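Reading the structure
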Amino acid sequence: MKTASEKPVNTQMAKAWDSLAVGQDVVLTHTTLMPIAGTIDAITDDQQIIWITSVPLRRRMIHIHDGYRIHLDGH
């Protein structure tokens, strides 16, 4: 898994999961589910799965095919 010690600053919408990095603040939106706001805690080496830490949901695993759209820094 990738690790990072600092949060990158990026206000553009993520175009692909491969542009994501550990420590980024994101908002995940879905057509039928509530949005999830949090910080990327981990990414698998193949970049198919990310873990998001958020309050109150704690740590949550999201797969690339779960239907979420990822926005960086709340955009």
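Refer to the structure presented above.
Below or above, wherever it landed, is the structure these notes cover. (Residues numbered from 1 in each chain as written. Predicted model: local features only at pLDDT ≥ 70, side-chain atom pairs only at ≥ 80, totals over all residues. Heavy atoms only, no water.)

**Let's talk about the overall build of the protein**
What the protein contains, in helices and strands, is zero helices and five strands. Start at the N end of the protein and walk to the C end: the helices and strands fall as β-β-β-β-β. Across the 75 residues in the protein, those meeting the buried criterion constitute 36%. Put simply, 43% of the contacts in the protein that link residues at least 6 apart link residues at least 24 apart. Summed over all atoms, the accessible surface of the protein reaches about 4900 Å², with 54% contributed by carbon and sulfur. (Helix = DSSP H or I, 4+ residues; strand = E, 2+ residues; numbered from the N terminus. Buried < 20%, exposed > 50% of the residue type's maximum accessible area, 1.4 Å probe, protein only. Contact = heavy atoms within 4.5 Å. Areas by Shrake-Rupley, 256 points an atom, 1.4 Å probe, with all protein chains shown as cover.)

**Here's the deal with the nonpolar core**
Ranked by size, the top nonpolar core spans 14 residues in total, and within it Leu20, Val26, Leu28, Ile50, Ile52, Ile62 and Ile70 carry the most contacts. Contributing elements (two or more residues each) for this core: β1 (25–29), β2 (36–43), β3 (49–54) and β5 (69–72). With three residues, the top contributor of residues to this core is β2. Residue contacts for Ile62: discarding those within four places in its chain leaves Trp17, Leu28, Ile36, Gln48, Ile49, Ile50, Ile52 and Tyr68. (Core = buried A, V, L, I, M, F, W, Y, C linked by side-chain atoms within 4.5 Å.)

**Some details on the sheet that holds β3**
What the five strands build is an open sheet, ordered β4-β3-β2-β1-β5; its pairing is antiparallel. Lying at the two open borders of the sheet, with one neighbouring strand each, are β4 (58–63) and β5. Sheet twist, expressed as the average angle between the axes of neighbouring strands with direction ignored, equals 45°. Of the strand pairs in this sheet, β2 and β3 are connected by four bridges, and their pairing is antiparallel. By the bridge assignment for β3, Ile40 is matched with Ile52. (Pairing = 2+ DSSP bridges. Axes fitted to C-alpha atoms, helices over the stretch in contact; angles between N-to-C directions.)

**Notes on the pairing of β1**
Within a regular strand, the side chains alternate between the two sheet faces. In β1, alternate side chains face the same way, and those of Val26 and Leu28 are buried while those of Asp25, Val27 and Thr29 on the opposite face are not. Inspection of the sheet shows β1 paired to β2 by four bridges, in the antiparallel sense. Directly across from Leu28, in β2, lies its bridge partner Ile36. Taken together, β1 and the strand that follows it, β2, pair antiparallel across an intervening segment of six residues. Summarising the sheet, β1 and β5 pair through four bridges and their orientation is antiparallel. The partner of Val27 across the bridge, within β5, is His71.

**Some thoughts on the pattern of salt bridges**
This model, assessed by the stated rule, comprises one salt bridge. A salt bridge links Asp41 to Arg59; the nearest nitrogen and oxygen atoms lie 2.6 Å apart. Residue Asp41 is located in strand β2, and its partner Arg59 is located in strand β4; the two are separated by 18 residues in the primary sequence. By relative accessible area, which is 34% here, Asp41 ends up partly exposed. With relative accessibility at 46%, the residue Arg59 sits in the partly exposed group. (Salt bridge = Lys/Arg side-chain N within 4 Å of Asp/Glu carboxyl O.)

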